[in-house]
Amino acid sequence: MTGYNFQQTALIGMLPVLAAKLALAPAEVGLAIAAGLIVSAATAPLMAGSMTLRRLRGTLIAMLLSSLALAALLLSPRPVGIAFAILLAIRCVQGTAAA
């Protein structure tokens, strides 16, 4: 959970940079952030009793891969629509891993 908290804290400070770098409107970036939080809130009750060491490793790997995917998204130029879709997917993976 610490990794997810760090990602959330770091991401909030990066919102203006993220919007500018991906050429997205602030509302689109806000929607992507909200999507991750909604997915996390929706999947947490479903996965509440199933936390095992194996699932914890999978969660940590998903968090690491989503962080790397976000870095790759920022470093390589994409059309706005594709960048928004990729950002939404990354945030949904992060939300699921946080649950």
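Placed above this text is the structure.
How each quantity is defined
- Residues numbered from 1 in each chain as written.
- Predicted model: local features only at pLDDT ≥ 70, side-chain atom pairs only at ≥ 80, totals over all residues.
- Heavy atoms only, no water.
- Helix = DSSP H or I, 4+ residues; strand = E, 2+ residues; numbered from the N terminus.
- Buried < 20%, exposed > 50% of the residue type's maximum accessible area, 1.4 Å probe, protein only.
- Contact = heavy atoms within 4.5 Å.
- Areas by Shrake-Rupley, 256 points an atom, 1.4 Å probe, with all protein chains shown as cover.
- Expected span 1.5 Å × (residues − 1).
- Arc of directions from axis to C-beta.
- Core = buried A, V, L, I, M, F, W, Y, C linked by side-chain atoms within 4.5 Å.

J.: Hey, could you go over the overall build of the protein for me, with residue numbers and the actual values?
T.: Along its length, the protein carries 4 helices and 0 strands. The secondary structure elements of the protein, listed N-terminal to C-terminal, are α-α-α-α. Per-residue burial over the protein gives 32% buried out of 99 residues. For the protein, the proportion of contacts with a sequence separation of at least 24, taken over those separated by at least 6, is 82%. Within the structure as shown, the protein displays about 5800 Å² of accessible surface, and the carbon and sulfur contribution to it stands at 77%.

J.: Hey, could you go over the environment of V29 for me, with residue numbers and the actual values?
T.: Within the fold, V29 resides in helix 2 (residues 26-43). It is 8.8 Å that separates the C-alpha atoms of V29 and P16, two residues lying 13 residues apart in sequence. Among residues more than four places away in sequence, those in contact with V29 are L15, L18, A19 and L24.

J.: Just give me the short version of helix 2, but keep the residues and values in it.
T.: If you check helix 2, its first and last C-alpha atoms are 26 Å apart, about what 18 residues at 1.5 Å a residue would give, namely 26 Å. Those residues of helix 2 that fall on the buried side of the exposure criterion are V29, A32, I33, A35, G36, S40 and T43. The buried residues of helix 2 all sit within an arc of 145° when viewed along its axis, so they share a single face. The outward face of helix 2, more than 90 degrees from its buried face, is lined by the exposed residues P26, A27, I38 and A41.

J.: I'd love a proper account of the nonpolar core, names of residues and values included.
T.: In terms of nonpolar packing, the biggest core is built from 15 residues, with L18, L22, L24, L70, L73 and L87 touching the most fellow members. Sorting the residues of this core by element identifies helix 1 (2-22), helix 2, helix 3 (53-75) and helix 4 (80-98) as the ones contributing at least two each.

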